[in-house]
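Secondary and tertiary structure notes
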Amino acid sequence: MGNPADTFRDAPTPTTLATKQPIGWLRFLLQFLSVVMAYLAGSTLPMLPALIAQVANGAEAPQLTSAIAAATAIVGMALALGVCWLWLRGEGRVREVFDLSAPNWRSAIAYAAIATAGTLAIFSFGTALVQAMGLPAPDPSFVLELVTESPAMFALWVIGVAWFAAGFGEELLWRGFLMDRLERLGGLRGRVWLVLVVQAVLFGMPHAYQGWGGVIVTGMVGLLLGWVRIMQRGNLWAVIIAHAAVDTIMMVLAYGGKLGWFVV
């Protein structure tokens, strides 16, 4: 099998932060909002049959099954990445921003291990911190209940959500597309730590359904993953592996706990 980066041949050699061509705030907002709308539209599509049946039959609100919940994440991310690809294709920067070229694998694996351990530590100690601040701790139990519904659903969530939508998709979206856009914005160009903080805040905000505790903890994870992406000079393999590994570990622990393999 060829290198996945071979499909992204239209961009120039990656540039440094100091030489990246700027983009305007209006263009950034248009791109950002179009990606958000694509994700929301894609997330709605798997629920349409049930919603249509509800309206037609006057039934109660349809139950969100494990398969539908997984499909919302998968389809939503696929459409969002498609819109990102269209924007980058127009600029001739797909390969530069979605940097999936072969890295120094020893370095990439080492940073992936650091990010994986660091993320797990953030979930542990960060949760204790937000509770000490009087904020509710992030509660992923609803999602994990869907993950552990059956062996088939467990496999779907690990492959489709942990590895595709979260590991591959979210890292291309947040650490790839978003960070590249922020690095080109007036007022942020050349300010690495400001870019890291802004992307971390934006990464944490979609987790507001878990309360401010979820926003803070997820934002801390985003800060760590953004730093790893910088250390890898924009190459995304380390953060993809780390993100997917963390989600897989959490799903395996939840599923094993449900089966009585160990206490979680």
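What counts and how
- Residues numbered from 1 in each chain as written.
- Predicted model: local features only at pLDDT ≥ 70, side-chain atom pairs only at ≥ 80, totals over all residues.
- Heavy atoms only, no water.
- Helix = DSSP H or I, 4+ residues; strand = E, 2+ residues; numbered from the N terminus.
- Buried < 20%, exposed > 50% of the residue type's maximum accessible area, 1.4 Å probe, protein only.
- Contact = heavy atoms within 4.5 Å.
- Expected span 1.5 Å × (residues − 1).
- Salt bridge = Lys/Arg side-chain N within 4 Å of Asp/Glu carboxyl O.
- Axes fitted to C-alpha atoms, helices over the stretch in contact; angles between N-to-C directions.
- Parallel < 35°, antiparallel > 145°, perpendicular 65-115°, else oblique.
- Nonpolar A, V, L, I, M, F, W, Y, C, P; charged D, E, K, R; others polar.
- Core = buried A, V, L, I, M, F, W, Y, C linked by side-chain atoms within 4.5 Å.
- Polar contact = N/O pair within 3.5 Å; in protein donor to acceptor, adjacent residues only side chain to side chain.

In this section: the environment of L156. As for its placement among the helices and strands, L156 is situated in helix 7 (residues 151-184). On the basis of relative accessible area, L156 is assigned to the partly exposed category, the value being 29%. If we skip the residues at most four places from it in the chain, L156 touches A67, A70, I74 and V161.

With 26 residues, helix 3 (residues 66-91) should reach 38 Å at 1.5 Å per residue; the first-to-last C-alpha distance of 38 Å fits that figure. Regarding helix 3, the residues found buried are S66, A69, A70, T72, A73, G76, M77, A80, L81, V83, C84 and L88. As for helix 3, its buried residues are in contact with helix 1 (25-44), helix 4 (94-97), helix 6 (141-147) and helix 7. Within two residues after helix 3, G92 carries a phi angle of roughly 70°, on the positive side.

Within this structure, the stated rule accounts for eight salt bridges. Across the pair E171 and R175 runs a salt bridge whose closest N-O atoms are separated by 2.7 Å. Remark: R175 and E171 occur in helix 7; sequence separation between them is four residues, near one turn of the helix. Here R229 and E183 are joined by a salt bridge, their closest N and O atoms 2.5 Å apart. Taken as a pair, R229 in helix 9 (residues 211-231) and E183 in helix 7 lie far apart in primary sequence, 46 residues in all. Each member of the pair, R229 together with E183, is buried. Linked by salt bridges that have partners in common, R27, E91, R93, E96, D180, R181 and R184 make up one network.

Running from amino to carboxyl end, helix 9 crosses helix 10 (residues 237-259) at an angle of 150°, the nearest separation of the two axes being 8 Å. Relative to helix 10, the element helix 9 is oriented roughly antiparallel. Between helix 9 and helix 10, the residues in contact are L225, V228 and R229 and A238, V239, A242 and H243, respectively. Of the residues belonging to the contact of helix 9 with helix 10, the class tally is five nonpolar, one polar and one charged.

This paragraph deals with unusual backbone geometry. The residue R233 is not glycine, and still its phi comes out positive at about 55°. Assignment of secondary structure puts R233 in the loop between helix 9 and helix 10. Judged by relative accessible area, R233 falls into the exposed class, the value being 77%.

V35, F98, W157, L172, L173, L182 and M251 are the most contacted members of the largest nonpolar core, which totals 57 residues. The element contributing the most residues to this core is helix 7, with 14 residues. Leaving out residues up to four positions away in the same chain, W157 has contacts with S66, A69, A70, V143, L146, V147, A162 and M251.

Take the side chain of R181 next. Among the secondary structure elements, R181 is positioned in helix 7. Taking the relative accessible area as the measure of exposure, R181 reaches 1% and is therefore buried. Side chain to side chain, R181 and E91 meet in a polar contact 2.8 Å long. With residues up to four places along the chain from it excluded, the contact list for R181 reads I23, F28, Q31, L88, E91, R93 and V97.

Bringing the environment of F164 into the picture now. Mapped onto the elements of the fold, F164 is located in helix 7. Residue F164 is classed as partly exposed on the basis of its relative accessible area, which comes to 28%. A sequence separation of 91 residues divides F164 from A73, and the C-alpha atoms of the two residues are 9.4 Å apart. The residues touching F164, leaving out its near neighbours within four places in the chain, are I74, A78, I159 and G169.

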